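Secondary and tertiary structure notes
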Amino acid sequence: MAAATTKLLLSDLASTVESVTSNYIRPISDRPNLTEVQISDGSIPLIDLQVLDGPRRLDLIKQIGQACHHDGFFQVKNHGIPETIINNMLSIAGAFFKLPECERLKSYSDDPSKSKRLSTSFNVNTKKVSNWRDYLRLHCYPLQDCMHEWPSNPPFFEVVAEYCTSVRGLVLKLLEAISESMGLQRDYIDKALGKHGQHMALNYRPPCPQPDLTYGLPGHTDPNLITVLLQDDVPRLQVLRTGKWLPVSPIPNTFIVNIGDQMQVLSNDLYKSVLHRALVNCDKERISIPTFYCPFT
Ligand code: OGA
Ligand code: NI
């Protein structure tokens, strides 16, 4: 037991414990409290981007504007990113977290200023209670400035570069639509950003023996402009809607898009950066891959 608690990464601790160690246990007032979860047949809007470049563009832009205003979250299908690019990204993320501990630890750092870092929880230096997650943070734009930092085992370069380029293309389309939905010129947000930045997290959550005591990530809003989340087929993301937590069920080949704090400010509070959280499962691991788009810093 003593040896287990010295593990740097949750992935290497989780399989050795039968109950959640004390540093992951939330105070009673701050637990997932599953009875508060709205079991609703509603969901966040699912928007079909197929018609974005057709005669129905204006209808679609209205739908996007309403989703940004009412929900702060929506899912997109027919987004133009091929299934193989999505599956390859999920597979390589899975392969990374399956590497032997000594291989993964080559990327480990608990210094949040590092542009590439494998770490655990959120910020192990400042937070008292840990989150049930390991994550690899990467910078992804401009590609030629960051690719050399990415892991070479498994070989990230091709698969992840393709994924990042595709997601950036999707974000740029969404930013145009969101600009238009506010009655602004198509390139308004693009210009307002100045130089663009794109970061990514590969989140890995091993099965958890007591999922009601801890979080994969507690309720938070995203500080950046806009986030495009890819999740595997294991549910556990929840979005706050009218005071209750609404589960977002995975739909294959869709992305979840959410408004971040910077977009809320840029839109004069018209568009909402909404609280969301990730729970954990007792029997299944879960991978989620958010892309955070923001001004370059
Ligand atoms: C995030 C986030 C959700 C998830 O990383 O900001 O909200 O399901 N992730 O991992
Ligand atoms: Ni988030």
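Everything that follows concerns the structure shown earlier in this document.
Scope of this entry: the structure provided in the associated data block. Note that the structure is predicted; figures quoted are calculated from it, not measured. (Residues numbered from 1 in each chain as written. Chains lettered and ligands numbered in written order. Predicted model: local features only at pLDDT ≥ 70, side-chain atom pairs only at ≥ 80, totals over all residues. Heavy atoms only, no water.)

A short note on the overall build of the protein chain
What counts is decided by this rule: Helix numbers and strand numbers start at the N terminus; a helix is a DSSP run of H or I with at least 4 residues, a strand a run of E with at least 2. As a reference, a globule follows 2.2 Å times the number of residues to the power 0.38, and the radius of gyration itself is taken over C-alpha atoms. Each residue gets one of three labels from its accessible area relative to the maximum for its type: buried under 20%, exposed over 50%, partly exposed in between, using a 1.4 Å probe on protein chains only. We call two residues in contact when some of their heavy atoms are within 4.5 Å. Here the open area of atoms and residues is found with the Shrake-Rupley method and a 1.4 Å probe, where only the protein chains shown may cover a residue.
When helices and strands are counted, the protein chain shows 8 helices and 12 strands. By the compact-globule yardstick of 19 Å for 297 residues, the protein chain fits well, its C-alpha radius of gyration being 19 Å. The C-alpha extent of the protein chain, read off along each of the three principal axes, is 65 × 45 × 35 Å. Looking at the protein chain residue by residue over its 297 residues, the buried ones come to 50%. A separation of at least 24 residues holds for 78% of the contacts in the protein chain among residues at least 6 apart in sequence. Surface exposure of the protein chain reaches about 13,700 Å², of which carbon and sulfur atoms provide 53%.

Let's talk about the coordination of the nickel ion (ligand 2)
So the rule is basically this: Here the coordinating atoms are restricted to nitrogen, oxygen and sulfur within 2.8 Å of the metal centre, or 3.2 Å for Na, K and Ca, and because water is not among them the sites may look incomplete.
The protein atoms that coordinate the nickel ion (ligand 2) are His220 (NE2), Asp222 (OD) and His276 (NE2), at distances spanning 2.1 Å. All donor residues of the nickel ion (ligand 2) come from one chain, and their arrangement in sequence is H-x1-D-x53-H. Here histidine 220 falls in the partly exposed class, since its relative accessible area comes to 22%. The exposure class assigned to aspartate 222 is buried, which follows from its relative accessible area of 4%.

Remarks on the packing of helix α2 (residues 57–70) against helix α6 (residues 157–181)
Angle between the axes and distance between the axes: these two values describe a pair of packed helices. Our working rule: Note on geometry: axes are C-alpha line fits, over the in-contact stretch for helices, and angles between N-to-C directions span 0 to 180 degrees. Angle categories: roughly parallel below 35 degrees, roughly antiparallel above 145, roughly perpendicular from 65 to 115, and oblique for all the rest.
Running from N to C, α2 and α6 point in directions that differ by 85 degrees, and their axes come no closer than 9 Å. In terms of orientation, α2 and α6 fall into the roughly perpendicular class. Between α2 and α6, the contacting residues are Arg57, Ile61, Ile64, Gly65 and Cys68 on the first element and Glu176, Ala177, Ile178, Glu180 and Ser181 on the second.

Focus on empty space enclosed by the protein
The gaps of empty space that remain are located by a probe, the size of a water molecule, rolled over the atoms. Here is the rule: Buried and open spaces are told apart on a 1 Å grid over the protein atoms alone, a cavity being a set of points where a 1.4 Å probe fits but cannot get out and a pocket being an open set with protein on both sides within 12 Å along at least five of seven lines. Residues with an atom within 4 Å of a point are the lining residues. Grid points are joined across faces, edges and corners, and a volume is the space filled by probe spheres set on the points. Gly is placed with the polar residues, together with every amino acid not listed as nonpolar (Ala, Val, Leu, Ile, Met, Phe, Trp, Tyr, Cys and Pro) or charged (Asp, Glu, Lys and Arg).
Counted according to the given criterion, the structure contains 1 cavity of 30 Å³ or more. Taken as a whole, the largest cavity holds about 40 Å³ of empty space. In terms of lining, the largest cavity is formed by His139, Cys140, Tyr141, Gly197, Gln198, His199, Phe296 and Thr297. Take the lining of the largest cavity: its biggest share by element is 3 residues, from strand β5 (residues 196–205). Looking at the lining of the largest cavity, its residues break down into 3 nonpolar, 5 polar and no charged.

Quick notes on the sheet that holds strand β8 (residues 237–241)
To keep it simple, the criterion reads: Here, any two strands with at least 2 DSSP bridges between them count as paired.
Pairing is antiparallel in the open sheet, where 4 strands are placed in the order β6-β11-β8-β9. Edge strands, defined here as strands with exactly one partner in the open sheet, are β6 (217–220) and β9 (244–247). If you compare each strand with its neighbour and ignore which way they point, the axes differ by 25 degrees on average. Here β6 pairs with strand β11 (residues 276–278) via 2 bridges, running antiparallel. Residue leucine 217 lies in a different strand from β11, and its bridge partner there is alanine 278.

Observations regarding the packing of aromatic side chains
Note the cut-off: Any two of the Phe, Tyr and Trp rings considered here, Trp counted by its six-membered ring, make a pair once their centres fall within 6.5 Å; the pair's planes then place it as stacked at under 30 degrees, edge-to-face at over 60, or tilted in between. Any Lys NZ or Arg CZ found within 6 Å of a ring centre and within 35 degrees of that ring's normal is scored as a charge over the ring.
One pass over the full model with this rule turns up 5 aromatic pairs. Plain terms: the ring middles of phenylalanine 96 and phenylalanine 156 are 6.0 Å apart, the flat faces sit at 75 degrees to each other, and that makes the pair edge-to-face. Of the two residues, phenylalanine 96 is situated in helix α3 (residues 83–97) and phenylalanine 156 in the loop between α5 (143–146) and α6; the sequence distance between them amounts to 60 residues. On the basis of relative accessible area, phenylalanine 96 is assigned to the buried category, the value being 1%. Ring pairing ties together the aromatic residues Phe96, Phe97, Phe156 and Tyr204, which thus form one cluster. Over the face of the ring belonging to tyrosine 135 we find arginine 133, whose NZ or CZ atom lies 4.1 Å from the ring centre. Lying over the aromatic face of phenylalanine 296, lysine 195 brings its terminal NZ or CZ to 3.8 Å of the ring centre.

Points about the layout of surface pockets
The calculated volume of the largest pocket comes to roughly 930 Å³. Lining the largest pocket are 48 residues, and of these Phe122, Arg133, Arg137, Pro223 and Phe292 lie nearest its centre. Taken together, the elements giving at least two residues each to the lining of the largest pocket come down to β3 (117–120), β4 (134–139), β5, β6, β7 (226–231), β11 and β12 (286–295). Per-element accounting of the lining of the largest pocket gives the leading share, 6 residues, to β12. When grouped by side-chain class, the residues that make up the lining of the largest pocket number 17 nonpolar, 18 polar and 13 charged. Within this model, the second largest pocket holds a volume of roughly 210 Å³. Of all the elements in the fold, those that place two or more residues in the lining of the second largest pocket are α3, β7 and β10 (255–259).

Spatial relationships are all this shows, so hold off on functional conclusions.
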